[in-house]
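One-letter residues, chain by chain:
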Amino acid sequence: MDFLKNSMSPIGLLYGVALFSALATGQELVGPAACATLKSSLPNVEVVNSVLHPDYIYSQYTYWNSRQSDYKPSCIIYPTSAQDISTAIKVIRAAGSRFAIKAGGHNPNDFFSSVDQGVLIDFKKMNGKSYDSETTLATYEPGNKFGDLYEFYQPLGRTVVGARLAGVGSGLALSGGLSFISPQYGMACDSFRSLEIVLPSGEIVTASPESNPDLFFASRGGGGNAYGVVTKYTVQSRPAGEFYAGNIFYLFEQKLDVLDAINNFAAYNEDPKASIIGTFEKLPTPDLNLNLDEFIIIFLVYDGPDAGTAFQNFTSIPSFLNTMSIKNYTDVTNMPAPLSAELSRGANRSEERRVGKECGSSV
């Protein structure tokens, strides 16, 4: 049990306290008590405990995995600074309440960014971002989705290494973060230069190779909230110009040819500017034995205007739609076509609650 005494352990300082307190008094009482104290301790922060409030409904519903929308927080708070987070953590600790932190809400796992009868901290108001042209470093807060960041940095001819889909929250980077440009620049966490972190004690620190280097090392892939709450990222930005990219849609009967093409690309491609995602889609519609409710979408992305022969194994397979063209990086991460994106999301939020592609940790 010594790990419970470790000041760097959120298990000891938060989850452990919540566990023992819940056993003693009942979590259904602890959560509302924490919320009441938060309202008085953070008078300038929005604290919502009505399940009918529009902000509460939006925060509760906008999870990538619809299962997380089943849980009902005692209240939801919307901090605007690291100091707000620090105060909130201290209050939550003192009350012994459960809690969760939500940025993009993309993580599909129970209670990674959702909470039942506890405090949900929603980062949506912490969406600051900046760029330093002299150092080429980018800084952003955790309430941003990566699409927000790509749009902001696009006019500057820069981007950041992040999610392959625009709707994914910035917390993805804390678990690694695979990007279309990762073959050139590494995972999203490889671009970290420093992190502002609120520790379980409420202390606000900077983690970098020079300051708190062990915490910095652990945060580069350790997962969302594993060692503290990251409230600001400073990362190395990357150049972003023209991309030759798009989607190719295949009927499901082409699955074996597509699988062969994916295997060949994984085995033989040596061009770090070329990236793919292979997805198999099933629509939430009745199956009339026509195999029209199943199809394949391949994402093909090349960092440059000419992909040469990098994708010829895919373009040689008969398809029913090909959207390959010159795009900027914002357009790339908003693929596929809007209709298919909605259909894919609709399938995920169906009764099957099917967990699909791009499941990074976006707390």
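Residues numbered from 1 in each chain as written. Predicted model: local features only at pLDDT ≥ 70, side-chain atom pairs only at ≥ 80, totals over all residues. Heavy atoms only, no water.

**Q** Explain the packing of aromatic side chains residue by residue, including any values.
**A** According to the stated counting rule, one finds 13 aromatic pairs in the structure shown. Centroid distance Phe 252 to Phe 280: 6.0 Å. Interplanar angle 85°. Geometry classified as edge-to-face. Here Phe 252, found in the loop between strand 12 (243-251) and helix 8 (255-268), pairs with Phe 280, found in strand 13 (residues 274-282); they are 28 residues apart in sequence, far enough to count as distant. The partly exposed category is assigned to Phe 280, whose relative accessible area is 34%. Cluster of aromatic residues (ring-pair linked, three or more members): Tyr 140, Phe 146, Tyr 150, Phe 192, Tyr 233, Phe 243 and Tyr 329. The ring of Tyr 63 carries the charged tip of Lys 102 above its face, separated from the ring centre by 4.1 Å. (Phe/Tyr/Trp six-rings, centres within 6.5 Å; stacked < 30°, edge-to-face > 60°. Helix = DSSP H or I, 4+ residues; strand = E, 2+ residues; numbered from the N terminus. Buried < 20%, exposed > 50% of the residue type's maximum accessible area, 1.4 Å probe, protein only. Lys NZ or Arg CZ within 6 Å of the ring centre and 35° of its normal.)

**Q** Can you lay out the sheet that holds strand 4 (residues 119-122) for me, pointing to particular residues and giving the numbers?
**A** Taken together, the four strands give an open sheet; going across it, the order is 1-2-4-3, and neighbouring strands pair in mixed fashion. The sheet is open, and its two borders are formed by strand 1 (46-48) and strand 3 (99-102), each paired with just one other strand. Between one strand axis and the next, the sheet turns through 20° on average, direction left out of account. When strand 3 meets strand 4, the two strands line up parallel, connected through four bridges. Its bridge partner lying in strand 4, Lys 102 is registered against Asp 122. Contacting strand 1, strand 2 (75-78), strand 3 and strand 4, helix 3 (residues 54-61) runs over the sheet at an angle of about 95° to strand 2. (Pairing = 2+ DSSP bridges. Axes fitted to C-alpha atoms, helices over the stretch in contact; angles between N-to-C directions. Contact = heavy atoms within 4.5 Å.)

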